[in-house]
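Spelled out, the chains give:
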Amino acid sequence: MSNDKEYRQPYENLGYLLSSRQIVEKVLRRYPKIKRVKDLKRFELQRLDTVYNIIEHELSKIVRCMPDLNKTPRFYLELLFTIIDENEFTSCIKKIRKYRGVIRNLWSIYRRRMLSENRSFRISALRRECVGRILSIVKRKLKCIDKIVNAMSHARTFPSIDPLKPTIIVAGMPQVGKSTLVSTLSSAKPKIAPYPFTTKNIIVGHLKSGKLVVQIIDTPGLLDRPLHERNPIEQRAIAALEHLPGIILYLIDVSKLRIYSLQEQIHVLKDIMASFQKKELFVAINKIDVTSKEDVEKALQELRRLRVEKIYIISAKTGYGIRVMLDDLLKFLREHSFNASSS
Ligand SMILES: Nc1nc2c(ncn2[C@@H]2O[C@H](COP(=O)(O)OP(=O)(O)OP(=O)(O)O)[C@@H](O)[C@H]2O)c(=O)[nH]1
Ligand SMILES: [Mg+2]
């Protein structure tokens, strides 16, 4: 299990990658600046080498920066693939590798030809031809670089969620009290970061109990609407959460402050149960301080009909019922020692 040192998400420190257009621009900027030397052959070789070195440097940087599909946690791969399709991603990396080799070959063939050539006009013509061919590959064959560079710049902003740490994912329709609960439970100040395809930021708090450190995630704009209202990419961003080890805590508000009806909240809960079949589900009826007994009873009946077993009655505001619920959640997380294999 990971320790409680601050987790850094895998894309955070990616180097700065250039788009195909930026690579060509960099070449065209540097290329004319090469100092002319008396020996024309040396000069032209230097020009060719500069072009090759810039392109090789940028392509190798892209290849080196790419996440290893076998080592990157599934959660983070799934998030990445919401931004760039998985097949597109792998075929693009293959393409970059292939054309990197083609460019290397062109460079060394033309270099050899230039070395064995003594006519000045031919040496310059060979250099021109080679540079033209190399740049045309970058412009025409390696357009896919742009998609990767764009995806990686998004990936840098993904939230830092430790994919090995036990996690409580707090779900529920808007205004049911998710944020209030997360801040009540978190020992440290929760961190805020964007999550793909949500207008609101995801919030990650931590709570400690003995040696156990648990992440608690507030998911505004994510698990608060029926799934059929979402497009497949948004659904994939939601499904990524399935790869975090831990549980779902679904909040219900049937108080006099409620915005959504019990039926609407049960509908979203059913969706969540269907999408997170591998996750243990806990449900809390929140805002008990302002809820009538009858409304609590109705909610309990609906939940029992859905065969929800772990139901709590709480008030995130006054703290009522929180200790009992938290003890149960922690007991469950402790007993199910979550690790990478659960993802
Ligand atoms: N009386 C009472 N009010 C509560 C309780 N929990 C939350 N609230 C209030 O309910 C309102 C919504 O709470 P939030 O924590 O912002 O709800 P949320 O689910 O995070 O809302 P979104 O981020 O919009 O999805 C706030 O005014 C809270 O003060 C509770 O247990 N009792
Ligand atoms: Mg909130």
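### Quick notes on the overall build of the chain
At step 1: Helix and strand counts for the chain come out as eleven helices and seven strands.
At step 2: Its C-alpha radius of gyration of 28 Å places the chain more than 25% over the 20 Å reference for a compact globule of 343 residues.
At step 3: Its C-alpha atoms give the chain principal-axis dimensions of roughly 95 × 40 × 30 Å.
At step 4: Counting over 343 residues, the chain shows a buried share of 52%.
At step 5: Expressed as a percentage of contacts within the chain between residues at least 6 apart in sequence, the contacts between residues at least 24 apart total 77%.
At step 6: Accessible surface, the chain: about 17,500 Å² in total, of which carbon and sulfur atoms supply 51%.
At step 7: Put simply, the chain has 63 plus and 36 minus side-chain charges, and the middle of one group is 12 Å from the middle of the other.

### Section: the pairing of strand 7 (residues 310-313)
At step 1: With four bridges connecting them, strand 6 (residues 280-286) and strand 7 associate as parallel partners. Bridging from a neighbouring strand, V283 pairs with I311 of strand 7.
At step 2: In this fold, the crossover linking strand 6 to strand 7 by way of helix 10 (residues 293-305) has right-handed handedness.

### Focus: helix 5 (residues 120-141)
At step 1: Taking 1.5 Å per residue, 22 residues should reach 32 Å; helix 5 reaches 31 Å between its end C-alpha atoms and fits that length.
At step 2: Listing the buried residues of helix 5 in full gives I123, S124, A125, L126, R127, C130, V131, I134, L135, I137 and V138.
At step 3: Taken together, the buried residues of helix 5 touch helix 1 (20-30), helix 2 (40-65) and helix 4 (86-115).

### Points about the site of ligand 1
At step 1: The local shell around ligand 1 holds 15 residues, among which Q175, K178, S179, T180 and D289 are the closest.
At step 2: With respect to ligand 1, the backbone of V176 contributes an N or O atom lying 3.2 Å from an oxygen atom.
At step 3: Contact between ligand 1 and K178: an oxygen atom at 2.7 Å from a side-chain N or O atom of the residue.
At step 4: Notes on ligand 1: free accessible area 640 Å², of which the protein chains cover 80%.
At step 5: Examining the composition of the shell around ligand 1, we find that three residues originate from one element, helix 7 (residues 178-185), more than from any other.

### Digging into the packing of aromatic side chains
At step 1: On inspection of all chains with the given rule, the structure shows eight aromatic pairs.
At step 2: Note on Y52 and W107: the rings are 4.0 Å apart at their centroids and 5 degrees apart in plane angle, and the pair reads as stacked. Taken as a pair, Y52 in helix 2 and W107 in helix 4 lie far apart in primary sequence, 55 residues in all.
At step 3: Overall, the relative accessible area of 6% leaves Y52 in the buried class.
At step 4: If you follow K310 out to its NZ or CZ, it ends over the ring of F282, 5.4 Å from the centre.

### A look at the pairing of strand 3 (residues 202-209)
At step 1: Burial analysis of strand 3 places six of its eight residues in the buried class, which makes it a mostly covered element.
At step 2: One ladder, built from three bridges, connects strand 2 (residues 191-193) with strand 3; its direction is antiparallel. Bridge pairing in strand 3 places A193 opposite I202.
At step 3: Taken together, the seven bridges between strand 3 and strand 4 (residues 212-218) define a ladder with antiparallel strand orientation. Bridge pairing in strand 4 places K208 opposite V213.
At step 4: Between strand 3 and strand 4, which pair antiparallel and follow one another directly, the connecting turn spans two residues, one of which, G210, has a positive phi of 60 degrees.

Rules used in this analysis
- Residues numbered from 1 in each chain as written.
- Chains lettered and ligands numbered in written order.
- Predicted model: local features only at pLDDT ≥ 70, side-chain atom pairs only at ≥ 80, totals over all residues.
- Heavy atoms only, no water.
- Helix = DSSP H or I, 4+ residues; strand = E, 2+ residues; numbered from the N terminus.
- Rg over C-alpha atoms; globule rule 2.2 N^0.38 Å.
- Buried < 20%, exposed > 50% of the residue type's maximum accessible area, 1.4 Å probe, protein only.
- Contact = heavy atoms within 4.5 Å.
- Areas by Shrake-Rupley, 256 points an atom, 1.4 Å probe, with all protein chains shown as cover.
- Lys, Arg positive; Asp, Glu negative; His and termini not counted.
- Charge placed at Lys NZ, Arg CZ, Asp CG, Glu CD.
- Pairing = 2+ DSSP bridges.
- Right-handed = clockwise from strand over helix to strand, strands pointing away.
- Expected span 1.5 Å × (residues − 1).
- Near = heavy atom within 4 Å.
- Polar contact = N/O pair within 3.5 Å; in protein donor to acceptor, adjacent residues only side chain to side chain.
- Phe/Tyr/Trp six-rings, centres within 6.5 Å; stacked < 30°, edge-to-face > 60°.
- Lys NZ or Arg CZ within 6 Å of the ring centre and 35° of its normal.

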